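The primary structure of each chain is shown beneath.
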Amino acid sequence: MKKLFFSLLLAFGLSTSVNAQQFTIADIIVDGYQRISPGIIYNLLPVGIGDEVTATTPAEIIRALAASEYFDEIEVAREGNILVVTVLERPSVAEISIEGNSVLETEDIIDNMSGAGIAEGQIFTRAALEAIQQGIQDVYSSRGRYGAAVDIEVEDLPRNRVAISLDINEGEESRIRHVNIVGNTAFEEEELLQLFELGTKPWYMFLSRRDRYSREQFQGDLERLESHYLDNGYVEFNIDSTPIAITPDRKEVYITINITEGDQYTVSAVDLAGDLVDAENLLRASIFVRPGQIYSQGLVTGTEEIMVQFLGNLGYAFAEATGVPEVNEEDQTVEVTFFIEPGNRTYVNRINFSGNLSTSDEVLRREMRQLEAAPASSMQIEQSKVRLERLGYFETVEVETEEVAGTEDQIDVNYSVAEQNFGAVSFQVGTGGGGDFFISSSLQAQNFLGTGRTVGIGINKSRFQKGLNFRYVDPYFTPDGVSRGFNIFAQEIDSPFNVSNFNTTSYGGSVSFSYPLSEIQSLGFDIGYTHTELSAGLGSVQEIISSPILFEGVDKYIISPANNNPFEGPVVDSVLGDVNDLSELQLNRNTDPGFVDRYGDTFDNFTITGNWSRFALNRGQLANDGSLHQIGVEVTLPGSDLEYGRISYSNQIYWPITQNREWVVGLRTNLGYGFGYGDTEELPFFNHFFAGGLISGGGQVRGFDENSLGPSSTAGARYLTESGISLLRDEDGNIIRNLDGSAQVSSQIGYQTQTLRDANGDPILDADGNEQVQLAVQNFFLDEDYDSFGGNILTTATLELLFPIPFIPDRSRVRSAFFIDAGNVFSSNCTERQKLLNNCSDFDFNEIRFAAGVSVTYLSPFGPLTFYLAQPFGKDGDDTKQFDFTVGTGF
């Protein structure tokens with residue numbers, strides 16, 4: 001809130017009755033005081049006992065007491081040789097109440113009244129109060145509220161006190177009706193008005209506040225107007241006046257800007273002067289201004305900044321570069337001379353840190369590129385600041401340099417940080433795909449106990465997963481920045497959300513190292529081991545285990561069922577055939593074997609992973625400038641049961657639109673490709689890429705269910721069986737009967753059959769003219785939601801427009817964005833059945849899914865919270881989800 005300034009005025013009623021004759025003061029009596037102690041009054045008097053009273057002494061006494069502003073009336077009298085001073089104290093302020101204000105905070109008004117001398121417990125002066133009243137109205141006027149009014153009531157209270165009440169009517173904001181620029185010839189008025197933040201508001205910008213007048217914004221618009229002319233060579237440009245007319249109802253404002261453009265000037269010569277400190281070539285290379293150009297103040301200012309930066313990198317921390325234009329009105333040219341004042345070369349005395357309440361100084365100090373006792377370098381000081389921001393430990397990082405007292409060539413560099421949440425604590429309870437209950441908890445601390453090390457512990461228990469994992473990373477395993485980490489895990493996964501039915505039990509671990517290649521590049525290696533056991537279970541999809549499979553112990557098929565009920569026809573035994581006598585066609589088997597059929601169900605794999613990273617984002621969390629590129633290659637080592645590899649690429653790129661980085665365009669891409677080699681013809685299905693929803697691993701396509709995009713599996717199949725009844729017979733074929741004469745029976749189980757038909761639908765006959773049969777098969781799903789199979793090709797991308805949310809002061813912890821997601825998962829190893837059912841395809845741009853929406857991410861104490869609302873653009877049959885959120889996801 002802009003501070004209010006008020007003027008004070010004090011009026012006194014003065015009365016004196018001191019004899020003009022001189023006398024020596026034998027005593028002084030003070031009368032009339034109430035709250036002010038007599039000692040204070042005695043100290044204010046310019047005379048004391050024993051002093052001589054002259055004709056001017058009463059006036060001097062009155063002026064001295066009046067200057068204290070404690071009294072409304074002062075009377076000086078004489079009783080013999082005794083000086084009598086009688087005062088009437090001004091009332092004190094007992095209380096202040098303010099009503100009706102919303103634009104101006106009550107606390108700010110109280111603070112500014114106190115600065116003007118009106119506060120509870122202070123002496124009350126009406127003149128100061130009137131100045132405050134006018135000052136408040138001026139502040140409202142500066143904000144375009146010309147109809148604001150401030151009514152003040154002063155109530156007398158006992159013991160010479162007053163209560164002050166301010167009733168504020170803030171009025172409505174005055175709207176700009178018209179802006180008129182007078183005197184422009186070089187540029188059209190419409191072009192100039194586009195430079196302004198204020199102005200008339202088009203009908204389609206109904207939410208804009210462009211037409212709300214503000215004195216501060218108007219001054220900023222005038223500065224932009226002046227800069228525009230100065231940057232285009234009009235060095236004599238001047239704003240003559242800016243009259244503002246207000247309608248009688250104080251609701252509309254008419255603005256007129258009177259300007260003098262002058263002539264356009266070109267640059268005739270550019271030179272350097274001053275102490276160039278053996279850096280003339282470097283300084284000349286930094287000059288943007290060239291002879292023959294139209295003069296531009298912006299280029300001059302930019303050159304000054306670059307020169308100061310270059311000199312700062314050479315150790316001249318307090319260097320100054322000033323571009324001075326010399327105007328020649330005769331030929332309308334400007335000669336620009338840059339005067340260099342490098343000052344003393346400075347050295348860094350101390351590097352200090354503040355605000356790191358949890359993080360140790362060592363963690364910050366090892367990121368420093370500027371060293372103590374070395375020449376001060378602006379570039380290295382700024383680079384050190386950027387490295388602190390990229391750690392992701394701090395909400396803000398600020399740096400200041402200050403001279404060391406008593407020296408002319410030393411500075412201290414002070415970094416001030418504000419810590420934020422170092423990781424994610426996640427505890428989730430809810431339901432997932434298929435409505436199954438789950439519970440999950442994890443802890444990941446990127447700055448564990450302030451050491452800069454990453455420690456992660458995860459425990460998961462749900463219908464889909466049981467798991468325990470531990471992760472540790474030391475980013476400075478060696479002093480030169482080589483990091484080392486390890487990870488151990490054990491887990492049981494039973495068909496994640498929307499994924500085909502299969503179970504895996506696995507355990508393993510890995511060790512990783514990362515080596516810095518430059519300030520922003522690193523190369524890492526990871527060596528790991530994983531033991532995996534597959535259990536496809538009942539109803540496994542065809543791509544995992546080919547089906548149908550003959551049931552153990554059932555080796556017959558039913559040619560004709562038995563009938564033991566005479567009311568339903570003749571009593572006959574069931575007629576069974578031997579399954580071993582059937583052909584492959586009659587068995588109705590899937591001739592395309594599944595993964596387990598080919599490679600088994602237990603694997604021990606050793607992998608090596610190489611990854612390259614180029615991290616040039618401006619901060620570690622919720623970046624809004626810079627870029628990040630990552631490439632990873634993973635392959636299995638000799639001795640592994642499976643031979644496969646995966647290649648991945650991801651990036652994040654942000655382009656700020658506005659200088660304050662509140663409006664930013666962002667692009668994120670994730671590409672992946674997996675392959676088999678040697679004896680393994682394809683990427684193992686349990687290492688497939690998945691896409692859809694808010695999932696990790698790069699497959700984020702909001703607006704769709706988790707893992708739901710991409711190839712689907714083929715339903716598992718089973719033979720249909722039936723129980724028949726047969727009469728028990730002896731060796732001669734006679735029916736075996738019970739004691740009561742009834743026939744003994746037995747239950748027969750066999751596979752159901754169906755007639756085998758040709759392409760025309762006609763029955764296929766054997767050599768005897770009998771219809772051939774085929775075992776009947778039925779496809780089935782355990783749950784139709786769990787049918788995604790993933791693929792070995794991943795392609796997703798997100799285009800975002802980051803925008804600020806109003807009324808949120810700390811925007812470094814909140815990100816809001818309009819987004820367009822696109823992507824899908826594909827497979828280059830689709831089976832014939834998948835192709836026949838049209839649920840799998842190789843990369844096809846027509847199969848890309850799109851979604852558009854808005855998202856909000858908040859860095860809470862428990863980690864990032866992300867919400868989104870999206871409209872998907874897919875095909876019939878896609879599983880969509882228009883709203884979703886995640887709580888406490890990792891980094």
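All figures in this text were calculated on a predicted structure; none of them were measured in a lab.

1. With respect to the overall build of the protein
Secondary structure summary: the protein contains 13 helices and 43 strands in total. Taking all 891 residues of the protein together, 41% fall into the buried category. Pairs at least 24 residues apart make up 61% of the contacts formed inside the protein by residues separated by at least 6 positions. Approximately 46100 Å² of the protein is accessible, and the part contributed by carbon and sulfur atoms is 50%.

2. What about the confidence of the model for the protein?
Per-chain confidence: the protein averages 83 in pLDDT, with 88% of residues scoring 70 or above. Contacts for the low-pLDDT stretch residues 427–438, under 50 throughout, to residues beyond four places or in other chains number 31 contacts. Low pLDDT (under 50) marks residues 782–786, which in the prediction has 14 contacts with non-local residues, meaning those over four places away or in another chain.

3. Comments concerning a nonpolar patch on the surface
Together, Phe477, Phe486, Ile488, Val511, Phe513, Tyr515, Leu517, Leu523 and Phe525 line one region of the surface with nonpolar side chains, adding up to about 760 Å² of accessible area. Elements with a contribution of two residues or more to the nonpolar patch: β24 (483–494), β25 (503–516) and β26 (521–535). For the nonpolar patch, the leading source of residues is β25, giving three residues.

4. Looking at the environment of Thr454
Structurally, Thr454 is set in strand β22 (residues 454–462). What makes Thr454 buried here is its relative accessible area of 12%. Along the sequence, Thr454 and Pro475 sit 21 residues apart, while their C-alpha atoms lie 8.1 Å from each other.

5. Let's talk about helix α8 (residues 297–313)
Along its 17 residues, α8 runs 24 Å from first to last C-alpha, staying within 8% of the 24 Å computed at 1.5 Å per residue. Of the surrounding elements, those touching the buried residues of α8 are β14 (266–274), α7 (280–285), β15 (320–328), β16 (333–341) and α10 (378–390). Downstream of α8 by a residue or two, Gly315 has a phi angle that is positive, lying close to 105 degrees.

6. Focus on the environment of Phe489
With respect to the helices and strands, the residue Phe489 is situated in strand β24. Note: C-alpha distance between Phe489 and Gly467 (22 residues apart in sequence) is 7.4 Å. Not counting the four nearest positions on each side in its chain, Phe489 is found in contact with Leu468, Asn469, Ser506, Tyr507, Gly508, Gly509 and Thr530.

7. Topic: the sheet that holds β14
Here we have three strands laid out as an open sheet, ordered β14-β16-β15, and mixed in their pairing. At either margin of the open sheet sits one strand with a lone partner, and together these are β14 and β15. The sheet shows a mean angle of 20 degrees between the axes of neighbouring strands, taken without regard to direction.

8. Structural notes on the pairing of strand β30 (residues 626–636)
Across nine bridges, the pairing between strand β29 (residues 602–615) and β30 is antiparallel. Pairing of Phe615 across the sheet is with Leu628, part of β30. Inspection of the sheet shows β30 paired to strand β31 (residues 644–656) by 10 bridges, in the antiparallel sense. When the bridges of β31 are listed, Ile631 appears paired with Tyr649.

9. Structural notes on α10
The end-to-end C-alpha distance of α10, which contains 13 residues, comes to 19 Å, matching closely the 18 Å that a straight helix rising 1.5 Å per residue would cover. All buried positions along α10 are accounted for by Ile381, Ser384, Lys385, Val386, Arg387, Leu388 and Glu389. Tucked into the core, α10 has its buried residues touching α9 (361–365), β18 (394–403) and β19 (410–419). A positive phi of about 85 degrees marks Gly392, the residue just after α10.

10. What to know about the sheet that holds β19
The strand order across the open sheet built from three strands is β17-β19-β18, with neighbouring strands paired in mixed fashion. Of all strands in the sheet, those with a lone pairing partner are β17 (347–354) and β18, marking the two edges. Between one strand axis and the next, the sheet turns through 15 degrees on average, direction left out of account. Sheet topology places β17 next to β19; seven bridges connect them, and they run parallel. Of the residues in β19, the one forming a bridge with Tyr347 is Gln410.

11. Here's the deal with the pattern of salt bridges
Close approach of charged atoms allows side chains with opposite charge to pair. Overall, the coordinates contain 26 salt bridges when judged by the stated rule. Notably, a salt bridge pairs Arg813 with Glu395, separated by 3.2 Å at the nearest N-O pair. Here Arg813 is found in the loop between β39 (793–803) and β40 (814–826), whereas its partner Glu395 is found in strand β18, with 418 residues between them in sequence. For the pair Arg813 and Glu395, a shared accessibility class is recorded, and that class is buried. Each of Glu367, Arg369, Arg387 and Glu519 takes part in salt bridges that share partners, so that together they form one network.

12. Notes on unusual backbone geometry
Located in the positive-phi region is Asp278, a residue other than glycine, with phi close to 55 degrees. Structurally, Asp278 is set in the loop between β14 and α7. Residue Asp278 is classed as exposed on the basis of its relative accessible area of 85%. Phi is positive for Asn707, which is not a glycine, with a value near 60 degrees. Secondary-structure assignment places Asn707 in the loop between β32 (664–676) and β33 (716–719).

Procedures and definitions
Residues numbered from 1 in each chain as written. Predicted model: local features only at pLDDT ≥ 70, side-chain atom pairs only at ≥ 80, totals over all residues. Heavy atoms only, no water. Helix = DSSP H or I, 4+ residues; strand = E, 2+ residues; numbered from the N terminus. Buried < 20%, exposed > 50% of the residue type's maximum accessible area, 1.4 Å probe, protein only. Contact = heavy atoms within 4.5 Å. Areas by Shrake-Rupley, 256 points an atom, 1.4 Å probe, with all protein chains shown as cover. pLDDT = per-residue confidence, 0-100. Patch = residues over 30% accessible without salt bridge, like charges linked within 9 Å, V, L, I, M, F, W, Y side chains within 5 Å. Salt bridge = Lys/Arg side-chain N within 4 Å of Asp/Glu carboxyl O. Expected span 1.5 Å × (residues − 1). Pairing = 2+ DSSP bridges. Axes fitted to C-alpha atoms, helices over the stretch in contact; angles between N-to-C directions.

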